[in-house]
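Residue-level listing of the chains:
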Amino acid sequence: MAKTAQKPGYRCAECGWRTTKWVGRCGECQAWGTVDEEGARGANVVQAGATTGPAVPIGQVKAEVATARTTGVGELDRVLGGGLVPGAVVLLAGEPGIGKSTLLLEAAARIAERETVLYVTGEESAAQVRLRADRIGAIRDRLYLAAETELSALIAHVEKVEPTLLVVDSVQTIGSAQATGVPGGVTQVREVAANLVRLAKERNMATVLVGHVTKEGSIAGPRTLEHLVDVVLNFEGDRHSRLRMVRAIKNRFGPTDEVGCFDLHERGIEGITDPSGLFVSRRSEPVPGTCVTVTVEGTRPLPAEVQALVARTEAQQPRRTSSGLDTYRVQMILAVLERRLNARLGGCDVFTATVGGIKLADPAVDLSVMLAVASAAGDKPLPPGLVALGEVGLAGELRPVKDVRRRLTEAARLGFKRALVPSGSLEEGSRKRNGQRALVPVGPVAFAPGFEVVQAENVWDALTHVT
């Protein structure tokens, strides 16, 4: 009796959905280009093989080997958790033209002052990278450059140069003859990344991979690279602005909530150690629809301005547009304004945005968004020198947020005179009048002379104070 050949199976690299035939789009997560043939499954018994070294008690393992080494770029070290760890694989993702190559070439030049660095480019020629290096002053004797698109040739360069840092720009342009498909496909990216990770671990060589971002904003691959590497950094910024920000999405050696700020200009890229004034407008007179808050990125408090515009419209469905803010949270705040404060926003277009291109996902921004919209709707500016921070609940209550004292200290340092925070944020504010909690100014002793902090229990109390 003839045996029936087993049909190959296909699996989505994004969500794990399986099918018996190849399709271009996953039937579960609806992602494009993520379905690939998986290896034949069976009950094969794997025999014991050679080991890379004997197992030892954990106390005898030398931790100094995994000590981070500075890159010479302070803001990049902040996000990485102190620097690059030998043997670590870092993925730097971002949109094309955002400045990834400039940042890595700058860091590679700093490291090449004391160690050997190999920069492999697959998108540009060696001459094009040399022109950029001349422009930003990144010419170093120990910085080696190679233009390759084949994995075997890349490995040959590594064996010859023996670098302590390898930069691959970008991983989607490198192909392997051992895998099917074209470079940049799921199979090729997985094969190339797996070999580079193995090479980095074997040689204890720090490796930085550049990854592109798809139209949906996810890292091309699509999520295969994120699972293989040790650190995932996201490079953000507006093409029309010089400000660039690097965020850590995944970090096995440090925090994942830090952010690095950079200034991209014609001479290269520089870190911004004090970005406090970048996200706040400077004007002589107060303007309706603006409110300043203080967000926390890692250990760094950043004052940021929220702007709102409310305009009457004849359309049946008024527009709700947000830039730099969570659209769903803004819609929730608008609903609280209409239900709890009787604001008439049904026949109005509401536009909300941040200043400087910063993206605010901190719940402490809720109160500033609410005050900015209320100020724009009433065409009345908020008091000058005011900062507001707090989370708004569906019942109209204000909830305390973390790191209040650090935020207020930064606001006082920048010259703000008063702050509006939820009740209970500070110990000094838990006073009562006639058995009920009231708006009690907190003395300026803990922060700066002339700095007043007012605590409110709900959105009505907050609006009453500022108006």
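See above for the structure.
Not measured: the values here are computed from a predicted model. (Residues numbered from 1 in each chain as written. Predicted model: local features only at pLDDT ≥ 70, side-chain atom pairs only at ≥ 80, totals over all residues. Heavy atoms only, no water.)

Moving on, we come to the side chain of Glu410. Structurally, Glu410 can be placed in helix 9 (residues 404-413). Overall, the relative accessible area of 11% leaves Glu410 in the buried class. Non-local contacts of Glu410, meaning those with residues more than four positions away in its chain, are made with Ser276, Pro301 and Pro303. (Helix = DSSP H or I, 4+ residues; strand = E, 2+ residues; numbered from the N terminus. Buried < 20%, exposed > 50% of the residue type's maximum accessible area, 1.4 Å probe, protein only. Contact = heavy atoms within 4.5 Å.)

Approximately 910 Å³ is the volume attributed to the largest pocket. Lining the largest pocket are 37 residues, and of these Glu236, Arg247, Gly357, Ile358 and Lys359 lie nearest its centre. Among the secondary structure elements, those contributing two or more residues to the lining of the largest pocket are strand 9 (231-237), strand 10 (243-251) and strand 13 (290-297). In terms of residue count, strand 10 provides more of the lining of the largest pocket than any other element does, six residues in total. Counted by class, the lining of the largest pocket contains eleven nonpolar, 13 polar and 13 charged residues. One number sums up the size of the second largest pocket: a volume of about 490 Å³. In terms of lining residues, the second largest pocket is bounded by 24 residues, among which Ser281, Arg283, Val292, Gly385 and Phe416 are the most central. Considered class by class, the residues forming the lining of the second largest pocket number 13 nonpolar, seven polar and four charged. (1 Å grid on protein atoms, 1.4 Å probe; cavity = no way out; pocket = protein on both sides within 12 Å on 5 of 7 lines; lining within 4 Å. Points joined across faces, edges and corners; volume = space filled by probe spheres on them. Nonpolar A, V, L, I, M, F, W, Y, C, P; charged D, E, K, R; others polar.)

The contact between helix 4 (residues 151-161) and helix 5 (residues 186-203) brings their axes to 11 Å, and the two run at 15°. Taken together, the axes of helix 4 and helix 5 are roughly parallel relative to one another. Both helix 4 and helix 5 take part in a crossing whose hand is right-handed. Each of Leu151, Leu154, Ile155, Val158 and Glu159 in helix 4 lies in contact with helix 5, whose residues at this interface are Val192, Asn195, Leu196, Leu199 and Arg203. For the contact of helix 4 with helix 5, the residue count by class is seven nonpolar, one polar and two charged. (Axes fitted to C-alpha atoms, helices over the stretch in contact; angles between N-to-C directions. Parallel < 35°, antiparallel > 145°, perpendicular 65-115°, else oblique. Left-handed = near helix turned anticlockwise from the far one by under 90°.)

Our next topic: helix 10 (residues 459-466). Among all positions in helix 10, only Val459, Ala462, Leu463 and Val466 are buried. In an axial view of helix 10, the angular spread of the buried residues amounts to 95°, which keeps them on one side of the axis. For helix 10, the N-terminal capping position is held by Asn458, with its side-chain oxygen 3.2 Å away from the main-chain nitrogen of Trp460. (Arc of directions from axis to C-beta. Polar contact = N/O pair within 3.5 Å; in protein donor to acceptor, adjacent residues only side chain to side chain.)

One finds Leu337, Leu367, Val369, Met370, Leu371, Val373 and Leu420 to be the most contacted residues of the largest nonpolar core, which totals 45 residues. Residue contributions to this core peak at seven residues, all from helix 8 (residues 366-378). With near-sequence residues (within four places) excluded, Met370 lies in contact with Ile333, Leu337, Leu341 and Val459. Membership of the second largest hydrophobic core comes to 36 residues, among which are Leu84, Leu105, Ala108 and Leu264. (Core = buried A, V, L, I, M, F, W, Y, C linked by side-chain atoms within 4.5 Å.)

Spanning 18 residues, helix 5 covers 26 Å between terminal C-alpha atoms, matching the ideal 26 Å at 1.5 Å per step. The set of residues buried in helix 5 consists of Val186, Gln188, Val189, Val192, Ala193, Asn195, Leu196, Val197, Leu199 and Ala200. Remark: Asn204 follows helix 5 within two positions and exhibits a positive phi of approximately 55°. (Expected span 1.5 Å × (residues − 1).)

With that settled, consider the packing of aromatic side chains. Scanning the model with the defined rule gives one aromatic pair in all. Seen in terms of ring centroids, Phe235 and Phe262 are 6.5 Å apart; in terms of plane orientation they differ by 85°. Their pairing is edge-to-face. One end of the pair, Phe235, is in strand 9; the other, Phe262, is in strand 11 (residues 259-265), and 27 residues separate them in sequence. Neither residue differs from the other here; Phe235 and Phe262 are each classed as buried. (Phe/Tyr/Trp six-rings, centres within 6.5 Å; stacked < 30°, edge-to-face > 60°.)

A word on empty space enclosed by the protein. Think of a ball as big as a water molecule: rolled over the atoms, this probe shows where empty space is left. Taken as a whole, this structure holds three cavities of 30 Å³ or more when the rule is applied. Its volume calculated, the largest cavity comes out at about 100 Å³. Taken together, 14 residues make up the lining of the largest cavity; nearest its centre are Leu76, Leu84, Leu104, Ala107 and Val208. Listed by contribution, the elements that provide at least two residues to the lining of the largest cavity are helix 1 (74-80), strand 4 (89-94), helix 2 (100-111) and strand 7 (165-169). If one sorts the elements of the lining of the largest cavity by residue count, helix 2 sits on top with four residues. Each residue belonging to the lining of the largest cavity can be placed in one class, and the counts come to 13 nonpolar, one polar and no charged. A volume near 60 Å³ is recorded for the second largest cavity. Together, Leu325, Asp326, Arg329, Val330, Ile333, Leu360, Ala361, Asp362, Val365, Asp366 and Val369 line the second largest cavity.

Pairing analysis gives four bridges linking strand 15 (residues 320-323) to strand 16 (residues 348-354), with the strands arranged parallel. Residue pairing for strand 16: Arg320 is matched across the bridge by Val350. Read as a crossover between parallel neighbours, the route from strand 15 over helix 7 (residues 327-340) to strand 16 is left-handed. (Pairing = 2+ DSSP bridges. Right-handed = clockwise from strand over helix to strand, strands pointing away.)

This next bit is on the pairing of strand 14 (residues 300-312). Sheet analysis places strand 13 next to strand 14, joined by eight bridges and oriented antiparallel. Bridging across to strand 14, Thr293 finds its partner in Ala304. The loop that links strand 13 with its antiparallel partner strand 14 comprises two residues; one of these, Gly298, has a positive phi angle of about 70°. Here strand 14 runs beside strand 16; their pairing, made up of seven bridges, is antiparallel.

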